[in-house]
Amino acid sequence: MKTSRLLALLLLISFVACKKDPEKTPEEIYADRLNGDWTVSTLTYSANITVPIIGPIPVNGTANNAGTISFNTPARTAVYDIRFLPNLSIPGFPPPDSVRFFGTGTFTNTTSQITLTDSAGTLTFNVVKNEENFQQVTTIANYAVLGQSIPVNLNISLTRR
């Protein structure tokens, strides 16, 4: 009798001990992968600036080491500082200043998008590549220049620092 009670107790303990932890969702797995510090290793940009009398001027280029993004997954916060000097020459105008997108805020993600929200607004990045030490994302960010809000297409390659 004691043996059967002991056996029943051991079986009960083994069932409780083998209880599986809840599986993480793909979104949670991706958020864990994002956690940490990233370097904007390569940034490709394109935009059109309309200058009175001259008309639209395309602005395209590539920048290396163009900033950083840090994700703190447990707190769901992010800090970003993306900057580059555009390849732009307009006759009669001074050379352009650096373009800079920066902020501190919160982030949410799915497996295909990362949304950063801060006091300046929201940036939504579409995920192109999702690897442990490399991420590629695209977004359209609005930049104010020459009295205009110009949509800038960004293709960003991130490498883990």
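Preceding this section is the structure that the text describes.
These lines cover the structure that appears in this document, whether it is placed above or below. Residue positions are counted from 1 within each chain, in the order its sequence is given. The predicted nature of this model means local features are confined to residues of pLDDT at least 70 and side-chain atom pairs, given and counted, to a pLDDT of 80 or more, with totals for whole chains, interfaces and linings taken over all residues. Hydrogens and water molecules were not included; the side-chain quantities draw on all heavy atoms of the structure.

Examining the pattern of salt bridges
Oppositely charged side chains can pair when the atoms bearing their charge come close.
Then, number 1: We define a salt bridge as a side-chain nitrogen of Lys or Arg found within 4 Å of a carboxyl oxygen belonging to Asp or Glu. Here the structure, examined in full by the defined rule, presents four salt bridges.
Then, number 2: Between D32 and K24 there is a salt bridge, with its nearest N and O atoms 2.4 Å apart.
Then, number 3: The rule is simple: take the accessible area with a 1.4 Å probe, protein chains only, and divide by the maximum for that residue type; under 20% is buried, over 50% is exposed, in between is partly exposed. The class for D32 is partly exposed, based on a relative accessible area of 39%.
Then, number 4: Ionic pairing is found between D81 and R83, a salt bridge with its closest N-O pair at 3.7 Å.
Then, number 5: Given the relative accessible area of 17%, D81 is considered buried.
Then, number 6: In this structure R83 comes out as partly exposed when scored by relative accessible area, which is 38%.
Then, number 7: Taken together, the shared-partner salt bridges in this structure form one network comprising D81, R83 and R100.

As for the pairing of strand 3 (residues 67-72)
Then, number 1: Whether two strands pair depends on DSSP finding at least two bridges between them. A helix here means a DSSP run of H or I that spans at least four residues, while a strand means a run of E at least two residues long, and both kinds are numbered starting from the N terminus. For strand 1 (residues 36-51) and strand 3, the ladder comprises four bridges, and the chain directions are antiparallel. Opposite W38, over in strand 3, you have I69 as the bridge partner.
Then, number 2: Where strand 3 meets strand 4 (residues 77-84), six bridges bridge the pair, whose relative direction is antiparallel. Along strand 4, the bridge assignment pairs N72 with T77.
Then, number 3: The turn linking strand 3 back onto strand 4 is made up of four residues, and R76 within it adopts a positive phi angle of 60°.

A few points about helix 2 (residues 26-34)
Then, number 1: Listed as buried for helix 2 are Y30, A31 and L34. In an axial view of helix 2, the angular spread of the buried residues amounts to 100°, which keeps them on one side of the axis.
Then, number 2: Those residues of helix 2 that are buried lie in contact with strand 1, strand 3, strand 5 (99-109), strand 6 (113-118), strand 7 (121-130) and strand 8 (134-145).
Then, number 3: G36 lies just past helix 2 and shows a positive phi near 125°. Directions drawn from the helix axis to the C-beta atoms are what define this arc. In what follows, a contact means two residues having at least one pair of non-hydrogen atoms within 4.5 Å.

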